[in-house]
Amino acid sequence: YFLSLEVHLDAPPSAVFAVITDYENIHQLHRRVRESKVIRRLDPRTVEVFTLVKGCLAAVFCKSIRRVERITEIPPTELVATVIPGQSDLASGTVRWRLEPASGGTLLRYDSDVEPDFWVPGLLGDTLLQASISRTTRDMIQQVEIRARALVEEGG
């Protein structure tokens, strides 16, 4: 499942970066993210993070998805998260956030590529899962913008 988005956020890259690297609070960005926590920091720019996401397709097929990712941070412009398959319900996956200053805010280039390690029901399930990933990601990015703007207003 692939997703590429390019969106302008009304907050500077440093504030956006602060929000997306607040791993202990990622669960506050969307109701489907039930839990988020740092497992361990490997070095100043590399961290392993656990998230638990629960979602349903057409209110019939529901699944809790465990995901452990190794995240490389390149402050304040880039974050790359790579799924650790043996510790996740995903066979593979990569998410990249690229942040560029633009028009008083941030141009966000977001790319994700994930492969589930669980059964997805037929062709309709594939379509519904792709739509769910897109909708959830857009909703989360909207929350990232809201929280980043709040950080700026607070002077953080």
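What counts, and at which threshold
Residues numbered from 1 in each chain as written. Predicted model: local features only at pLDDT ≥ 70, side-chain atom pairs only at ≥ 80, totals over all residues. Heavy atoms only, no water. Helix = DSSP H or I, 4+ residues; strand = E, 2+ residues; numbered from the N terminus. Rg over C-alpha atoms; globule rule 2.2 N^0.38 Å. Buried < 20%, exposed > 50% of the residue type's maximum accessible area, 1.4 Å probe, protein only. Contact = heavy atoms within 4.5 Å. Core = buried A, V, L, I, M, F, W, Y, C linked by side-chain atoms within 4.5 Å. Pairing = 2+ DSSP bridges. Expected span 1.5 Å × (residues − 1).

A. Focus on the overall build of the chain. Helix and strand counts for the chain come out as two helices and seven strands. The order of α-helices and β-strands along the chain, N terminus first, is β-α-β-β-β-β-β-β-α. By the compact-globule yardstick of 15 Å for 156 residues, the chain fits well, its C-alpha radius of gyration being 15 Å. Overall size of the chain, expressed as C-alpha extent along the three principal axes, is 45 × 30 × 20 Å. A total of 156 residues make up the chain; the buried ones form 42% of that total. Here the contacts in the chain between residues at least 6 apart in sequence split such that 51% fall between residues at least 24 apart.

B. Molecular detail of the nonpolar core. Trp-97 and Tyr-110 are the most contacted members of the largest nonpolar core, which has 28 residues in total. Elements represented by at least two residues in this core include exactly strand S1 (2-9), helix H1 (13-20), strand S3 (46-57), strand S5 (78-83), strand S6 (90-102), strand S7 (105-116) and helix H2 (122-154). The greatest single-element share of this core, amounting to five residues, is contributed by H1. Counting residues in hydrophobic clusters, the runner-up holds nine residues, among them Tyr-1, Val-83, Val-114 and Val-120.

C. Looking closely at the side chain of Thr-136. Counting through the fold element by element, Thr-136 comes out in helix H2. Look at Thr-136 and you get buried, because its relative accessible area is 13%. Not counting residues up to four positions away in its chain, the partners in contact with Thr-136 are His-30 and Arg-32.

D. Summary view of the pairing of S6. In the sheet, S5 pairs with S6 via five bridges, with the strands oriented antiparallel. Bridge pairing links Thr-82 to Thr-94 in S6. Between S5 and S6, which follow one another and run antiparallel, lie six residues. Two strands pair when backbone bridges link them, and S6 and S7 are joined in this way by twelve bridges, in the antiparallel orientation. The residue of S7 that forms the bridge with Gly-93 is Val-114.

E. Structural view of the side chain of Thr-137. Within the secondary structure, Thr-137 sits in helix H2. In contact with Thr-137, other than residues within four places in its own chain, are Leu-3, Leu-5 and Tyr-110.

F. Here's a closer look at H2. Under the 1.5 Å per step criterion, the end-to-end length of H2 is 48 Å for 33 residues, consistent within 8% with the ideal 48 Å. Among the residues of H2, those classed as buried are Gly-125, Leu-129, Ser-132, Ser-134, Thr-136, Thr-137, Met-140, Ile-141, Val-144, Glu-145 and Ala-148. Of the surrounding elements, those touching the buried residues of H2 are S1, H1, strand S2 (33-43), S3, S6 and S7. Downstream of H2 by a residue or two, Gly-155 has a phi angle that is positive, lying close to 85°.

G. Just the pairing of strand S4 (residues 61-74), in detail. Sheet topology note: the S3/S4 ladder contains twelve bridges and is antiparallel. The residue bridging Glu-48 from the neighbouring strand is Arg-70, located in S4. Taking the residues that link successive antiparallel strands as the turn, the S3-S4 hairpin has three residues, and the phi of Ala-58 there is positive, at about 55°. What sits between S4 and S5 in their antiparallel hairpin is a turn of three residues.

All we've got here are geometric facts, nothing functional implied.
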